[in-house]
Amino acid sequence: MRFVETLKNIWTIEELRKRLLITLLLVFIYRVGCYVVLPGISPSDIDALANFTNKSGLMQLLDMFSGGAFSQASIFALGIMPYITASIVIQLCGMILPSFQKMQREGESGRQKLNQYTRYLTVPILFLQAPAYLVNLQVQVNGAANGTALSFGFWMVAYLTIILAAGSMFIMWLGERITDRGIGNGISFIILVGIIARLPGALYYEFVSRLPGASGSQGGLVMFIVEVVLLFAVTVGAVLLVQGTRKVPVQYAKRIVGNRQYGGARQYIPLKVNAAGVMPIIFAQAIMFIPMTLAGFRGGESGFLRAFTDINSFWYNTIFFILIVAFTYFYTAITVRPTQMADDMKRNNGFIPGVKPGKKTAEYLDAIMSRITLPGSIFLGIVAILPAFARFFGISQNFAQFFGGTSLLIMVGVVLDTLQQIESHLMMHHYDGLMKEGKIKGRTTGQAY
């Protein structure tokens, strides 16, 4: 079989084999750390936290990104989310502050400076999120009526905060080691592992719940097979969303330098249908946390606010969809800059056939981006609210989360990036690629979140 032959080729390449083994080793260390419980936490405390997490859609989302460490009260409970938060803040600074924009244009040296600032910003975020996590743990354990009481003094909170912060920093270090010596983007790969770690349990729970005689069973195994087929179809749609591009032809003028001719070739600018990635979903979720927080402070008195505390409700998903479409346009307008692209083409003696260089080219590219962003934003919004539709048709909350949202897009993006890196190693050593066509198209390596 071709797949078996490809695996043999991968194992034959010494550098690729070492990178894969190092990646597996570091992932194994991360997964073991997810089950190392914080000092002073008993099994009954973990059960109380797990019960609360299973009832809250927001907490389930955080638990998924941490690979289950959140509900296990692990030293890795905060996961990589503080680093992602810091990374988003730095990206926003790059859109607003000229000094950060200058660093973005400095190439590799600027990227290293921004990465360093991201690490620095992660530390204060950790020292804000860790005490909040401990307070939530204490509230859930004391409110579980399981006969146990959990009380953290000031020094205990400080001690556990340092442990949680050190755990997240260690995960960052593991991610950087995967990037340097393993396969793929390390931070994104760790997020992928955390998400996939939840899939077998969710799949098993859904299978058992569909067995005849199970409590609330509907449709039996036929319904379970239909769910798996639908999950595959949704995944294929997410791949199309991530891979979709509009190629704009660019012709470069011929230049004679000495006895050699340069340029004259036609190339293409790949304009992505979803240039914003998962950022609109992350921004929209951050906005939707506000009414949840207000409802918590007011005790859920307001019916309007209470409607937004249920992530499966009609109004929550309607507003969520609208915000995603709006943020997709906003983020695309900031990250994709037609004027700069037109200036770069003009400096390199390039032009789009039939379009004048300069301002006309910028207007042409802007018009294309406006047209392809609309279907991309609508499709992205549909993918984001698909878990609510899955819950409407009786799919369990844990399994429904894999039908769309940030988790599905991250899984698709990171898997494609990792496959592309493996593909490049195989092609470099003159082996056939992973795909039949020999090339994975439409993706560029980078962060998937």
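Conventions we followed
- Residues numbered from 1 in each chain as written.
- Predicted model: local features only at pLDDT ≥ 70, side-chain atom pairs only at ≥ 80, totals over all residues.
- Heavy atoms only, no water.
- Pairing = 2+ DSSP bridges.
- Helix = DSSP H or I, 4+ residues; strand = E, 2+ residues; numbered from the N terminus.
- Contact = heavy atoms within 4.5 Å.
- Axes fitted to C-alpha atoms, helices over the stretch in contact; angles between N-to-C directions.
- Salt bridge = Lys/Arg side-chain N within 4 Å of Asp/Glu carboxyl O.
- Buried < 20%, exposed > 50% of the residue type's maximum accessible area, 1.4 Å probe, protein only.
- Parallel < 35°, antiparallel > 145°, perpendicular 65-115°, else oblique.
- Left-handed = near helix turned anticlockwise from the far one by under 90°.
- Nonpolar A, V, L, I, M, F, W, Y, C, P; charged D, E, K, R; others polar.
- Expected span 1.5 Å × (residues − 1).
- Phe/Tyr/Trp six-rings, centres within 6.5 Å; stacked < 30°, edge-to-face > 60°.
- Patch = residues over 30% accessible without salt bridge, like charges linked within 9 Å, V, L, I, M, F, W, Y side chains within 5 Å.
- Areas by Shrake-Rupley, 256 points an atom, 1.4 Å probe, with all protein chains shown as cover.

Colleague: Let's hear about the sheet that holds strand β5 (residues 350-351): which residues, and what values?
Modeller: Strand order in this open sheet of 3 strands is β4-β1-β5, and the pairing throughout is antiparallel. Each edge of the open sheet is held by one strand with a lone partner, namely β4 (266-272) and β5. Across 2 bridges, the pairing between strand β1 (residues 245-252) and β5 is antiparallel. Among the inter-strand pairings, Gln251 is bridged to a residue of β5, identified as Phe351. Seen against the sheet, helix α15 (residues 338-347) touches β1, β4 and β5 and runs at an angle of roughly 170° to β4.

Colleague: I'd like to hear about the pairing of β1, residue by residue, with values.
Modeller: Across 7 bridges, the pairing between β1 and β4 is antiparallel. Its bridge partner being in β4, Thr245 is matched across the sheet by Lys272.

Colleague: Account for the pattern of salt bridges, naming residues and giving values.
Modeller: Per the counting criterion, the structure on display carries 5 salt bridges. In this structure, Glu176 and Arg119 form a salt bridge, with 2.6 Å as the shortest nitrogen-oxygen distance. Taken together, the residues Glu176 in helix α8 (residues 154-181) and Arg119 in helix α7 (residues 108-142) connect sequence positions 57 residues apart. The class for Arg119 is partly exposed, based on a relative accessible area of 26%.

Colleague: Just give me the short version of the packing of helix α5 (residues 81-96) against α7, but keep the residues and values in it.
Modeller: Put simply, α5 and α7 touch, their axes get as near as 8 Å, and they point 125° apart. Viewed along their axes, α5 and α7 adopt a mutual orientation that is oblique. You can see that α5 and α7 cross each other, and the crossing is right-handed. Taking contact as the criterion, the partners of Pro82, Tyr83, Thr85, Ala86, Ser87, Val89 and Ile90 in α5 are, on α7, Leu114, Tyr117, Thr118, Leu121, Thr122, Ile125, Leu126 and Gln129. A breakdown of the residues in the contact of α5 with α7 according to their chemical character gives 10 nonpolar, 5 polar and no charged.

Colleague: Describe the environment of Leu241, with residues and values.
Modeller: Examined against the element boundaries, Leu241 turns out to sit in helix α11 (residues 220-243). A relative accessible area of 3% places Leu241 in the buried class. With 171 residues separating them in the primary sequence, Leu241 and Val412 have C-alpha atoms 9.8 Å apart. Those residues in contact with Leu241, other than ones at most four positions away along the chain, are Asn274, Gly376, Phe379, Leu380, Val383 and Leu409.

Colleague: So, α5: which residues are in play, and what are the values?
Modeller: Taking 1.5 Å of rise per residue, the 16 residues of α5 would be expected to cover 22 Å, and the 23 Å separating its terminal C-alpha atoms lies within 8% of that figure. Those residues of α5 that fall on the buried side of the exposure criterion are Pro82, Tyr83, Ile84, Ala86, Ser87, Ile88, Ile90, Cys93, Gly94 and Met95.

Colleague: Before we move on, could you go through the side chain of Thr418 and cite the residues and values that matter?
Modeller: Tracing the chain through its elements places Thr418 in helix α18 (residues 405-428). On the basis of relative accessible area, Thr418 is assigned to the buried category, the value being 12%. Not counting the four nearest positions on each side in its chain, Thr418 is found in contact with Ile183, Gly184 and Phe189.

Colleague: Break down the packing of aromatic side chains for me, with residues and values.
Modeller: In total, this model carries 9 aromatic pairs according to the counting rule given. A ring pair is formed by Phe76 and Phe170, whose centres lie 6.1 Å apart and whose planes are at 25°; its orientation type is stacked. Here the residue Phe76 occupies a position in the loop between α4 (57-65) and α5, and Phe170 occupies one in helix α8, the gap between them amounting to 94 residues. A relative accessible area of 3% places Phe76 in the buried class. Ring plane angle 90° and centroid distance 5.4 Å describe the contact between Phe399 and Phe403, whose orientation is recorded as edge-to-face. Classification of Phe399 as buried rests on a relative accessible area of 0%.

Colleague: Outline the packing of α11 against helix α16 (residues 359-392), supporting the account with residue identities and numerical values.
Modeller: Look at α11 against α16: their axes get within 11 Å of each other, and the N-to-C directions meet at 145°. When you trace α11 past α16, the crossing you get is left-handed. Contacts between α11 and α16 involve Val234, Gly237 and Leu241 from the former and Gly376, Phe379, Leu380, Val383 and Leu386 from the latter. Of the residues assigned to the contact of α11 with α16, the class counts are 6 nonpolar, 2 polar and no charged.

Colleague: Please give an account of unusual backbone geometry that cites residues and values.
Modeller: Even without a glycine there, the phi angle at Ala73 is positive, about 50°. On the secondary structure map, Ala73 appears in the loop between α4 and α5. What makes Ala73 buried here is its relative accessible area of 0%.

Colleague: So, a nonpolar patch on the surface: which residues are in play, and what are the values?
Modeller: On the surface, a cluster of nonpolar side chains totalling about 640 Å² of accessible area is made up of Leu25, Phe28, Ile29, Val32, Val36, Phe170 and Trp173. When residues of the nonpolar patch are traced back to their parent elements, those giving at least two are α2 (14-33) and α8. Broken down by element, the nonpolar patch gets its largest block of residues, 4 residues, from α2. In this fold, Phe28 is placed in helix α2.

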